[in-house]
Amino acid sequence: MVKLRSAYYCNLKLILIFMVIYGHLIEREIWQSEFLMLQYKWIYMIHMPMFSFLSGLFLTNAGQCGQQLVRMLPLYLVLQTLAVICSGGEIRLLTPYWHLWYLLSNCIWLAIAWTWHRFFYGKGKTLVLVASIAAGCAVGYASFIGRDFSLSRTVVFFPYFWLGLIGNPQFRWDRLRRIALLTLAAAGALMLWIDEKISVSLLYQATAYSDPIGAVHRLVCYLIAGGFGLFLLALMPGRRFIFTKLGTDTMYSYLLHAPFVLCLRPYRLPWPCYILITAGFMMITERSFRWFSNIHGIVSERKNVGGYLSKRL
C-alpha cells in the first residue's frame, strides 16, 4: 500500500515517466505533424527538469548522497558497457547511450551534493543556484562541451537538481495553487512566443548553441520549466488511485523502455495508439517486477531498493 504522502510523489512520477516513454515513441513522427511537434516540445520542457528536481529532493545529508552514488554508478557502468558491446563499437564508452545520460549526470550531481553536505554544511544555497543557472546558459557557447561524459546536460539540468536538493519534500505545494495558475499562464505565453525560436536540438541540452542568442533561449526555457513545474507540484493530487503504484519504481520503466521503443520504431501508428502502448508498457513492467520479486522471495529487499530507485527517478 502506497502511503498517502508518498502517493503525491508517486502520482507525479507516474505522469513524468509517461511523458518520457510517450515522447520517445512519437519522436519519429514529429517532423510530419505540427501537433505532435508541439506535444514533443512541451514534454521536453518539463519532464527531465522535474525528474532532475525530484532526484535532489530527498537527499538530506552526505550519507544518503554517498550511498546512492555507490549504488547508481555501478548500474551506469554495467549498462553503458553492455550498450558499447551490443553496438559493435558504434557507441563510444565515454558518451552515454541515449537515455543512460541521466544515470551519469545523476552520479555527478550526487558527488557534488555529497561534497556540499560534507564540507560546506549547507551554506551558499542561493549563490550556487544563481551560479548554476548562469553556467547552464553559458555552457552552450563552449563547443567542446557536449555529449561526452554527458557534460552539457549535467550542467544544464543541475539547477533543477539543486532546487530539489535545497527544497523540502514535506512542503505543502497545494498552498501555492493560485500562484501556480499564474505561473502556468506565464509559462504558456512564453512557450507560444518562443516556440518557433526553440529548436528540438536545444531542448535536448546536449550540444552547443547554433544561435548567437542561445543563452537567452535557454534562460527562457528555465523560466518555462519552472512555471510548468510549479503548476504540476501545486495541482498534483495526493490521494491514492488504482494506478498510483505505477509511479513507485519508475527507474525500471525508464531503463527498459529504450529497447521497447526501438522495437516499435519501424512501425508508424496513429499517435493515440502510443498513449495506450505507453500505459500498457508501464503496467506490464510494474507487474513483472512485482511478480519476479514475489517468486524469488525478495519483497522486503525490493521495498528498500524500490524506495531508492523511486527517489532517484
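In what follows, the structure referred to is the one given above.
Presented here is a report on the structure given in the accompanying data block. Numbers given for residues are sequential positions, taken from 1 along each chain in its written order. Since the coordinates come from a predicted model, pLDDT governs what is reported: local features require at least 70, and pairs of side-chain atoms require 80 or more to be given and counted, while whole-chain, interface and lining totals use all residues. To obtain the side-chain values, all non-hydrogen atoms of the structure were used and water was disregarded.

## Regarding the overall build of the protein chain
Counting secondary structure elements, the protein chain contains 12 helices and 0 strands. Helix and strand definitions here come from DSSP, where helices need a minimum of 4 consecutive H or I residues and strands a minimum of 2 consecutive E residues; each element is numbered from the N-terminal end. Element order for the protein chain, N to C, with α for helix and β for strand: α-α-α-α-α-α-α-α-α-α-α-α. Along the first, second and third principal axes, the C-alpha set of the protein chain runs to 55 × 50 × 45 Å. Taking all 313 residues of the protein chain together, 49% fall into the buried category. We call two residues in contact whenever any of their non-hydrogen atoms come within 4.5 Å of each other. Partitioning the contacts of the protein chain with sequence separation of at least 6, the portion at a separation of at least 24 is 83%. Burial classification: accessible surface area is computed with a 1.4 Å probe over protein chains only, and a residue below 20% of its type maximum counts as buried, one above 50% as exposed, and the rest as partly exposed.

## Structural notes on unusual backbone geometry
The phi torsion at Y121 lies on the positive side, around 55 degrees, for a residue other than glycine. Judged by relative accessible area, Y121 falls into the exposed class, the value being 61%. At S150, a residue that is not glycine, the phi angle is positive and equals roughly 55 degrees. Examined against the element boundaries, S150 turns out to sit in the loop between α5 (125-138) and α6 (151-165).

## Here we look at the packing of helix α4 (residues 101-120) against α6
The geometry of α4 relative to α6 is characterised by a closest axis approach of 10 Å and an angle of 50 degrees between their N-to-C directions. If you check the angle between α4 and α6, you find them oblique. By crossing handedness, the relation of α4 to α6 is classed as right-handed. Seen from α4, the contacting residues are W101, S105, N106, I108, W109, L110, I112, A113, W116 and H117; seen from α6, they are R153, T154, F157, F158, F161, W162 and L165. Residue polarity follows a fixed list, in which Ala, Val, Leu, Ile, Met, Phe, Trp, Tyr, Cys and Pro are nonpolar, Asp, Glu, Lys and Arg are charged, and the others, Gly among them, are polar. Class assignment for the residues of the contact of α4 with α6 results in 12 nonpolar, 4 polar and 1 charged. Every axis in this analysis is a line fitted to C-alpha atoms, fitted for helices over the stretch in contact. Angles between the N-to-C directions lie between 0 and 180 degrees. When an angle is under 35 degrees it counts as roughly parallel; over 145 it counts as roughly antiparallel; between 65 and 115 it counts as roughly perpendicular; any other value is oblique. Two helices cross in a left-handed way if the nearer one is turned anticlockwise from the farther one by less than a right angle. They cross in a right-handed way if the turn is clockwise.

It is worth stressing that arrangement in space is one thing and function is another; only the former is reported here.
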